[in-house]
Amino acid sequence: MAEEEKVRPYVSHGTAMALSIWGIVLVSVVFFFVYGLPDLASDRSSQDTLYYVILAISGVAYIIVQLILGTFIFRFRHRDDAAGSYWHDSHRLEVGWTLGTAAVLVPIVVSGLVIWGDVKASTDVPPDAIVIEAVGAQFQWDFRYPGPDGAIGGFQPELYSLENPLGIDETDPASADDFVRTNQLVLPVDRVAHLRLRSKDVQHAFFLPNFRVKQDLVPGMETSVTFTPIKTGEYEIACAELCGLGHYRMRAFLTVMSASDYDAWLAEQAAQN
């Protein structure tokens, strides 16, 4: 009688663990349908396609494995008359799951490399692209737009000062008509945008969730991103790198306008310069 009282709790543990695993699978599936990617607003749909393919494959594998694991735990939970069975390696099984895994992963890796190649190749800026300089600093974003000449002037880090926070080289004729807006980026829809990124102080990360754009800003280096907005609207710009105590305040907004509205806005801003 005393031995039965010691064994009975282990029977409950097996059932409880199986129910817990099945419950976690159910909650995971519900959360998958509740939380997804933000609406796509750029031409980078191939990234979403690959993401959902990987998510579908790994999600189905996760559900099947966890359901089988819970079933085995429940089916083979403790019994007084049960006897364990043991076996060693199976080369056929090992070869099977290795080839099966490779058959799934190799196409995913190749597809990822192709998409990454397209993203990197997009740094070849077409002649009609909108070119804007984005400067990250603790804790704001500054965007420098070219004036009527269509060219952004140079900068020199040694020129940083309270009067010239972006270090703009005013001896460069192209700088004369440039204008700067803080935490406000405006782009036209359906036109390639090329952003030249630099940091004044520490490492930042320019992050546009709706545009599938994320690029580090490294002090002493100039990086860039190129993409095409496909939807008008207002979107959030975030810093995705913990850059200091005020990191949470490093937030800006991107407004995507029609071509005519953008031209009118650009002319208005240039006139105020």
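Residues numbered from 1 in each chain as written. Predicted model: local features only at pLDDT ≥ 70, side-chain atom pairs only at ≥ 80, totals over all residues. Heavy atoms only, no water.

Draft legend 1. Fine view of helix α4 (residues 259-272). The end-to-end C-alpha distance of α4, which contains 14 residues, comes to 20 Å, matching closely the 20 Å that a straight helix rising 1.5 Å per residue would cover. Tucked into the core, α4 has its buried residues touching β1 (130-137), β2 (140-145), β3 (179-182), β4 (184-188) and β10 (251-257). (Helix = DSSP H or I, 4+ residues; strand = E, 2+ residues; numbered from the N terminus. Expected span 1.5 Å × (residues − 1). Contact = heavy atoms within 4.5 Å.)

Draft legend 2. The packing of aromatic side chains, seen in detail. Scanning the entire structure with this criterion turns up 12 aromatic pairs. A ring pair is formed by F32 and F33, whose centres lie 4.9 Å apart and whose planes are at 75°; its orientation type is edge-to-face. Between F211 and Y235 the ring centres are 4.9 Å apart and the planes differ by 85°, which places this aromatic pair in the edge-to-face class. Residue F211 is found in the loop between β6 (204-208) and β7 (213-217), and its partner Y235 is found in strand β9 (residues 233-239); the two are separated by 24 residues along the sequence. A single burial state applies to F211 and to Y235, both of which are buried. Joined through ring pairs, the aromatic side chains of Y145, F179, Y262 and W265 make up one cluster. When the ring centre of F76 is taken as reference, the NZ or CZ atom of R75 above it lies at 5.1 Å. The aromatic ring of Y248 is capped on one face by R249, whose charged end is 6.0 Å from the ring centroid. (Phe/Tyr/Trp six-rings, centres within 6.5 Å; stacked < 30°, edge-to-face > 60°. Buried < 20%, exposed > 50% of the residue type's maximum accessible area, 1.4 Å probe, protein only. Lys NZ or Arg CZ within 6 Å of the ring centre and 35° of its normal.)

Draft legend 3. Helix α3 (residues 91-121), seen in detail. Over its 31 residues, α3 extends 44 Å from the first C-alpha to the last, a length consistent with the 45 Å expected when each residue adds 1.5 Å. Taken together, the buried positions of α3 are I108, I115 and V119. Looking at the packing, one finds that the buried side of α3 touches α2 (45-75).

Draft legend 4. Region of interest: the sheet that holds β7. Read across the sheet, 5 strands follow the order β4-β10-β9-β6-β7 without closing on themselves; strand pairing throughout is mixed. Taken across any chain shown, the strands that pair with only one partner, and hence form the sheet edges, are β4 and β7. Across the sheet, the axes of successive neighbouring strands diverge by a mean angle of 20°, strand direction being ignored. Where β4 and β10 come together, 5 bridges link them in parallel fashion. (Pairing = 2+ DSSP bridges. Axes fitted to C-alpha atoms, helices over the stretch in contact; angles between N-to-C directions.)

Draft legend 5. Region of the structure containing the nonpolar core. Ranked by internal contacts, the top residues of the largest apolar core, which has 34 residues, are W141, F143, Y145, L185, F206, F211 and I237. With 4 residues, β10 is the single largest residue contributor to this core. Discounting residues that sit within four places of it in the chain, F211 has contacts with A41, S42, R44, F227, P229, Y235, L254 and V256. (Core = buried A, V, L, I, M, F, W, Y, C linked by side-chain atoms within 4.5 Å.)

Draft legend 6. Broad picture of the environment of S90. Examined against the element boundaries, S90 turns out to sit in the loop between α2 and α3. A relative accessible area of 30% places S90 in the partly exposed class. Taking C-alpha positions, S90 is 32 Å from S111, a pair spaced 21 residues apart along the chain.

Draft legend 7. Structural view of the pairing of β2. With respect to burial, β2 is a largely interior element, 5 of its 6 residues being buried. Note that β1 and β2 share 5 bridges and pair antiparallel. Each residue of the ladder has a partner; that of V135, found in β2, is D142. Between β1 and β2, which pair antiparallel one after the other, the connecting turn spans 2 residues.

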